[in-house]
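Here is how the chains run, residue by residue.
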Amino acid sequence: MMFDFDESLKLASWAADFSQHLAREDVEQALPVATKALEQGDARGKAVAYSAIARAHLLEREFLKAVEAAQKGVQAAQGDAVAMAERTAAKAYLAVFRLDEAAEAADKAVSAAQGPAQAAALTTRAQVCLARDKKQEAAKVARQAAALFKEQKEQQGEAAALEVLVRACLATKKGGDALRAANEVLAIYQGSASANEARGLLLVAKTKQALGDSQEAQELAQNAVDIFDKNGDRLMQGIMLKQLADICLAGGENIDGWQYTRAALECFRDVGHKRGEAATLCQIAAAHVETGVLEEALRIADEGVEICRQRNDRPQLGATLNVIEQQTNWKARLAGKEAMAVLQSVGDRVGEAQALKSLATAFLNYGNAAEARAKAKLAIEIAKEVGNKQIEGENLLLVAQTKIHENKEEGARLARMSEKLLREAGASSAARNAGDVYDFIRDYGAAPKESKKDKPKMEADTKTDITVDVEENKHRLSYFHGFTARSVRPRA
């Protein structure tokens, strides 16, 4: 979430420093502040510090560490700190998709909470409802939380509750309600030229993108970047540029996306923000893979891996190894094994699904349809478990491509399902690619229609045409159908 609210931090003398570092995604500075508070605090202070440590670990995607810290916070909590500790535990359990435990913790938080903490606990309950696919209940509870925060004139909390409401409305296909809630968040901070206004702009931008308006989404995200461009905050400018790049790439605006990604990289390097630099290098390497520029992708990914190893940034290391994994050599196989081990060690189920997708893509590249299908199906299981339609759609598309020689009709059906899932996830560019794959599978092997005016001298060689496409790097990743048609046949 872009907005969060923790009433307990307001009572801690160190909270302002911690919150500032966390808002700037500076985990390296935030963690020592909370760790020092843990060493000096009483029972209540320890519970608050453990909660802060868990939140920092959630930001850096060290999910199992977050669960451990949150559980210690629950054990230390007394009195009014109980609700706060249970809320943090619920969020940590959500990150590792232990949904029953998340629901139990959220219910305990609601029971123990009073005053502003009641609204915060309801916001967490709404998040849990959404994760458990109780979309209508999530929207109802989020509205209740937002109304309570508004009565208390707690803007940060109101924004957090409204953000959950946006997600719930999108999940129930109530686009108008989602956009209205996102605009309410923006209205709270509009004109402040603050980080929260930038986050509000990004929330509206992502909502617009989910509703199919990519152009306006990009314009709103650019406005968020401009806030930090004017005040010279290079770190926040880099963070917002990376978000803008994500929006452009998801909307199919690859040229703009590349430009913004490179600009973000410059910002992170200017201020020495290694975590942002590594994440952006990974993003650039992945974009190179999608366009088929594999040697450059490997060079950039290796640079990112080196930074991650130096910083012991395990979650980002796993993500970057996923990029290397998509090559077709021994190094890719080693990277794939390490990526899976790293992502499992931090409890990153989404990352694990992405690693399986990369393995499936690599096997498809090798021409091993059976292994590609098996890995993609495992990724689909995780995607369904965590409720990620984009990952589910991307892997379903890989399964579709493994079917092209075995059962073309089934392959076409799966490709169409993939396109639908990707559109529902708001991944418009990936959905268009899935549509292209559907068309290719549907027409594969059919006799081409010839016009009387321009009749070809000889029958087109489908395999030759496809091979040329692959050699010129026109088909990669989610639109791997050229390569599939040429080489992926079931092995005896």
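Computed from a predicted structure; not experimentally measured.

Peer 1: Please clarify how the overall build of the protein chain should be interpreted in this entry.
Peer 2: Counting its regular elements, the protein chain contains 25 helices and zero strands. Residue burial in the protein chain is summarised as follows: out of 492 residues, 55% are buried. Sequence separation of at least 24 residues holds for 61% of the intrachain contacts in the protein chain that already meet a minimum separation of 6. Just so you have it, the protein chain exposes about 22100 Å², and 48% of that area is on carbon and sulfur atoms.

Peer 1: Explain the pattern of salt bridges here, please?
Peer 2: Note on pairing: side chains with opposite charge can pair once their charged atoms come close. Across all of its chains, the model carries 34 salt bridges by this definition. As a salt-bridge pair, arginine 275 and glutamate 25 come within 3.9 Å of each other at their nearest N and O atoms. With arginine 275 in helix 15 (residues 274-290) and glutamate 25 in the loop between helix 1 (15-23) and helix 2 (27-40), this residue pair connects regions lying 250 residues apart in the sequence. The class of glutamate 25 is partly exposed, set by a relative accessible area of 25%. Aspartate 107 serves as the salt-bridge partner of arginine 125, at 3.1 Å between the closest nitrogen and oxygen. In this pair, arginine 125 is assigned in helix 7 (residues 116-131) and aspartate 107 in helix 6 (residues 99-112), connecting sequence segments 18 residues apart. Overall, arginine 125 belongs to the partly exposed group, its relative accessible area being 24%. Residues joined by salt bridges that share partners form a network here, namely Lys173, Lys389, Lys420 and Glu424.

Peer 1: When you look at helix 13 (residues 234-250) in this model, what are you seeing that I'm missing?
Peer 2: With 17 residues, helix 13 extends 24 Å from end C-alpha to end C-alpha; this agrees with the ideal 24 Å at 1.5 Å per step. Counted residue by residue, helix 13 has twelve buried out of 17 residues, so it is predominantly covered. Considering only its buried residues, helix 13 is in contact with helix 1, helix 11 (195-210), helix 12 (214-231), helix 14 (254-271) and helix 15.

Peer 1: Even after reading the chapter, I still don't get the packing of helix 10 (residues 175-189) against helix 11, so can you show me in this structure?
Peer 2: Any two packed helices are characterised by how steeply their axes cross, that is the angle between the axes, and by the distance between the axes. Packing of helix 10 against helix 11 leaves a shortest axis separation of 8 Å and a crossing angle of 165°. Here helix 11 runs roughly antiparallel to helix 10, going by the angle between their axes. Considering only the axes of helix 10 and helix 11, their crossing is left-handed. Side by side, helix 10 and helix 11 meet where Ala178, Leu179, Ala182, Asn183, Val185, Leu186 and Tyr189 of the first sit next to Asn196, Glu197, Gly200, Leu201, Leu203, Val204, Thr207 and Lys208 of the second. Looking at the contact of helix 10 with helix 11, its residues break down into nine nonpolar, four polar and two charged.

Peer 1: Got a minute to help me understand the environment of glutamine 344 in this structure?
Peer 2: Within the element layout of this structure, glutamine 344 appears in helix 18 (residues 330-346). By relative accessible area, glutamine 344 is classed as partly exposed at 43%. Sequence separation between glutamine 344 and proline 315 is 29 residues; the distance between their C-alpha atoms is 9.5 Å. For glutamine 344, the contacting residues outside a window of four places in its chain are Leu64 and Glu352.

Peer 1: I'm lost on empty space enclosed by the protein in this one. Help?
Peer 2: Left-over empty space is what a probe sized like a water molecule reveals as it rolls over the atoms. As enumerated under the stated definition, the model contains three cavities of 30 Å³ or more in all. Empty space within the largest cavity amounts to approximately 60 Å³. For the largest cavity, the lining is made up of eleven residues, of which Asp4, Phe5, Lys91, Thr123 and Ala160 are closest to its centre. For the lining of the largest cavity, the element with the most residues is helix 7, which contributes four residues. A class-by-class count of the residues in the lining of the largest cavity yields five nonpolar, three polar and three charged.

Peer 1: Which parts of the structure should I look at to understand the nonpolar core?
Peer 2: Nonpolar side chains tend toward joint burial in soluble globular proteins. Counting 62 residues, the largest nonpolar core has Leu162, Leu165 and Met240 as the members making the most contacts within it. Looking at this core, the element that brings in the most residues is helix 9 (residues 155-171), giving nine residues. Beyond its immediate stretch of four places on either side in the chain, leucine 162 contacts Ala146, Ala181, Glu184, Val185 and Ile188. Counting 42 residues, the second largest nonpolar core, distinct from the first, contains Trp14, Ala47, Ala66 and Val128.

Peer 1: Would you mind showing me how to read the environment of valine 289 here?
Peer 2: With respect to the element layout, valine 289 can be found in helix 15. Judged by its relative accessible area of 1%, valine 289 is buried. Taking C-alpha positions, valine 289 is 9.1 Å from isoleucine 324, a pair spaced 35 residues apart along the chain.

Peer 1: For this particular structure, what's the right way to read the packing of aromatic side chains?
Peer 2: Two measures describe an aromatic ring pair: the distance that separates the ring centres and the angle between the ring planes. This model, assessed by the stated rule, comprises two aromatic pairs. Geometrically, the ring pair formed by tryptophan 14 and phenylalanine 18 is edge-to-face, given 6.0 Å between the ring centres and 85° between the ring planes. Considered together, tryptophan 14 and phenylalanine 18 belong to a single accessibility category, that of buried residues.

Peer 1: What is the right way to look at helix 22 (residues 408-424) in this model?
Peer 2: For an α-helix, 3.6 residues make a turn, and residues three or four places apart therefore share a direction. In a regular helix each residue adds 1.5 Å, so 17 residues correspond to 24 Å; helix 22 covers 25 Å between its end C-alpha atoms and thus fits that length. Within helix 22, the full set of buried residues consists of Gly411, Ala412, Leu414, Ala415, Ser418, Glu419, Leu421 and Leu422. Among the structural elements, helix 21 (389-402) and helix 23 (428-443) are those in contact with the buried residues of helix 22. The first or second residue beyond helix 22 is glycine 426, which carries a positive phi of 85°.

Peer 1: Is there a simple way to think about the state of the cysteines in this case?
Peer 2: Linking two cysteines covalently via their sulfur atoms produces the bond known as a disulfide. Counting across every chain of the model gives zero disulfides. The thiol sulfur of cysteine 308 is not disulfide-bonded, and the nearest other cysteine sulfur, from cysteine 282, lies at 7.8 Å.

Peer 1: How do you make sense of the confidence of the model for the protein chain when you look at a structure like this?
Peer 2: Detail in the predicted coordinates should be disregarded across regions flagged by low pLDDT. Residue-level pLDDT values for the protein chain average 85, and 88% of them are 70 or greater. In this model residues 460-492 is a low-confidence stretch, pLDDT under 50, and it forms 73 contacts with partners more than four residues away in sequence or in other chains.

Peer 1: Help me out: how do you make sense of the packing of helix 5 (residues 81-95) against helix 6 in this one?
Peer 2: Running from amino to carboxyl end, helix 5 crosses helix 6 at an angle of 160°, the nearest separation of the two axes being 8 Å. In this view, helix 5 runs roughly antiparallel relative to helix 6, as classed from their interaxial angle. The element helix 5 and its partner helix 6 pack so that their crossing is left-handed. Where helix 5 approaches helix 6, its residues Val82, Ala83, Glu86, Arg87, Ala89, Ala90, Tyr93 and Leu94 are matched on the opposing element by Leu99, Glu101, Ala102, Ala105, Ala106, Lys108, Ala109 and Ala112. Among the residues making up the contact of helix 5 with helix 6, the classes are represented as twelve nonpolar, no polar and four charged.

Criteria and cut-off values
Residues numbered from 1 in each chain as written. Predicted model: local features only at pLDDT ≥ 70, side-chain atom pairs only at ≥ 80, totals over all residues. Heavy atoms only, no water. Helix = DSSP H or I, 4+ residues; strand = E, 2+ residues; numbered from the N terminus. Buried < 20%, exposed > 50% of the residue type's maximum accessible area, 1.4 Å probe, protein only. Contact = heavy atoms within 4.5 Å. Areas by Shrake-Rupley, 256 points an atom, 1.4 Å probe, with all protein chains shown as cover. Salt bridge = Lys/Arg side-chain N within 4 Å of Asp/Glu carboxyl O. Expected span 1.5 Å × (residues − 1). Axes fitted to C-alpha atoms, helices over the stretch in contact; angles between N-to-C directions. Parallel < 35°, antiparallel > 145°, perpendicular 65-115°, else oblique. Left-handed = near helix turned anticlockwise from the far one by under 90°. Nonpolar A, V, L, I, M, F, W, Y, C, P; charged D, E, K, R; others polar. 1 Å grid on protein atoms, 1.4 Å probe; cavity = no way out; pocket = protein on both sides within 12 Å on 5 of 7 lines; lining within 4 Å. Points joined across faces, edges and corners; volume = space filled by probe spheres on them. Core = buried A, V, L, I, M, F, W, Y, C linked by side-chain atoms within 4.5 Å. Phe/Tyr/Trp six-rings, centres within 6.5 Å; stacked < 30°, edge-to-face > 60°. Disulfide = S-S within 2.5 Å. pLDDT = per-residue confidence, 0-100.

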